[in-house]
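Here is how the chains run, residue by residue.
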Amino acid sequence: MSDEIQNFVNNSGEGVNAQLPEALAKKFNWGAFLLNWIWGLGNNTYITFVIFAASILAFIPVIGALAPLGCSIWFGLKGNEWAWQNKKWDSIEHFENVQKTWVKAGVILLIVGAVLGFILGIFIILAAGIAAGMSK
């Protein structure tokens, strides 16, 4: 058993006073990156709602695309710290298992969204072709 786990004091859920275990500090949180505000709700981390403010910038060229991406990267970098501080966890293993579940959900939604987007694109192309053929 490593020294860190042996000397581990679980102070999760104690806000900014909660010391993030070193094993978690070095990891990127893909659940926070992929599901941002949804992940934030599940982990009592409401700062992730900033993504909505960043989305308002979508009307500004370049910045509109980069602001939400920048927020998602920030969430991924800070996600473990925020989740550890804002929610009580049974152990480091429990924390990691829950965060892995968020990643799986994010990847599944990403794949489903891509497949549905592809299918919708095909339908739009077919409908445009049919409409163009009818107008002749």
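Predicted, not measured: the structure shown is a model, and the values here were computed from it.

**Here we look at unusual backbone geometry**
- Here the phi dihedral of N44 falls at roughly 55°; this positive angle occurs in a residue that is not glycine.
- Mapped onto the fold, N44 is located in the loop between helix 3 (30-42) and helix 4 (50-56).
- On the basis of relative accessible area, N44 is assigned to the partly exposed category, the value being 31%.
- We note that V62 has phi near 65°; this positive angle belongs to a residue other than glycine.
- Tracing the backbone shows V62 in the loop between helix 4 and helix 5 (63-86).
- On the accessibility criterion, V62 (62% relative accessible area) is exposed.

**Notes on the packing of helix 3 against helix 6 (residues 92-134)**
- In contact at an axis separation of 9 Å, helix 3 and helix 6 are set at 110° when each is read in the N-to-C sense. Relative to helix 6, the element helix 3 lies roughly perpendicular. Here helix 3 contributes W30, G31, L34, L35, I38, W39 and G42 to the contact with helix 6, which in turn contributes Q99, W102, V103, A105, G106, V107 and L109.

**Observations concerning the environment of L57**
- Relative to the helices and strands, L57 is located in the loop between helix 4 and helix 5.
- C-alpha separation for the pair L57 and V107, spaced 50 residues apart in sequence, amounts to 26 Å.
- Non-local contacts of L57, meaning those with residues more than four positions away in its chain, are made with I63, G64 and A67.

**Quick word on the packing of aromatic side chains**
- Tallying each qualifying case throughout the model produces twelve aromatic pairs.
- Note on W84 and F95: the rings are 5.6 Å apart at their centroids and 70° apart in plane angle, and the pair reads as edge-to-face. On the criterion of sequence distance, the pair formed by W84 in helix 5 and F95 in helix 6 is long-range, its members being eleven residues apart. F95 shares its class with W84; the two are buried.
- Ring pairs connect the aromatic residues W37, Y46, F49 and F52, which therefore count as one cluster.

**Considerations on the nonpolar core**
- Residues L24, W39, F75, W84 and F95 are the most contacted members of the largest nonpolar core, which totals 18 residues.
- Elements with a contribution of two residues or more to this core: helix 3, helix 4, helix 5 and helix 6.
- With six residues, the top contributor of residues to this core is helix 5.
- If we skip the residues at most four places from it in the chain, F75 touches A32, N36, I47, T48, I51 and W82.

**Description of the pattern of salt bridges**
- A complete count under the given rule lists three salt bridges for this structure.
- Two residues, K26 and E22, come together in a salt bridge whose shortest N-O distance is 3.6 Å.
- With a relative accessible area of 69%, K26 lands in the exposed category.
- Close ionic contact of K78 with E81 constitutes a salt bridge, the shortest N to O distance being 2.8 Å. With K78 and E81 both in helix 5 and three residues apart, this pair spans about one turn of that helix.
- For E81, a relative accessible area of 27% translates into the label partly exposed.

About the criteria used
- Residues numbered from 1 in each chain as written.
- Predicted model: local features only at pLDDT ≥ 70, side-chain atom pairs only at ≥ 80, totals over all residues.
- Heavy atoms only, no water.
- Helix = DSSP H or I, 4+ residues; strand = E, 2+ residues; numbered from the N terminus.
- Buried < 20%, exposed > 50% of the residue type's maximum accessible area, 1.4 Å probe, protein only.
- Axes fitted to C-alpha atoms, helices over the stretch in contact; angles between N-to-C directions.
- Parallel < 35°, antiparallel > 145°, perpendicular 65-115°, else oblique.
- Contact = heavy atoms within 4.5 Å.
- Phe/Tyr/Trp six-rings, centres within 6.5 Å; stacked < 30°, edge-to-face > 60°.
- Core = buried A, V, L, I, M, F, W, Y, C linked by side-chain atoms within 4.5 Å.
- Salt bridge = Lys/Arg side-chain N within 4 Å of Asp/Glu carboxyl O.

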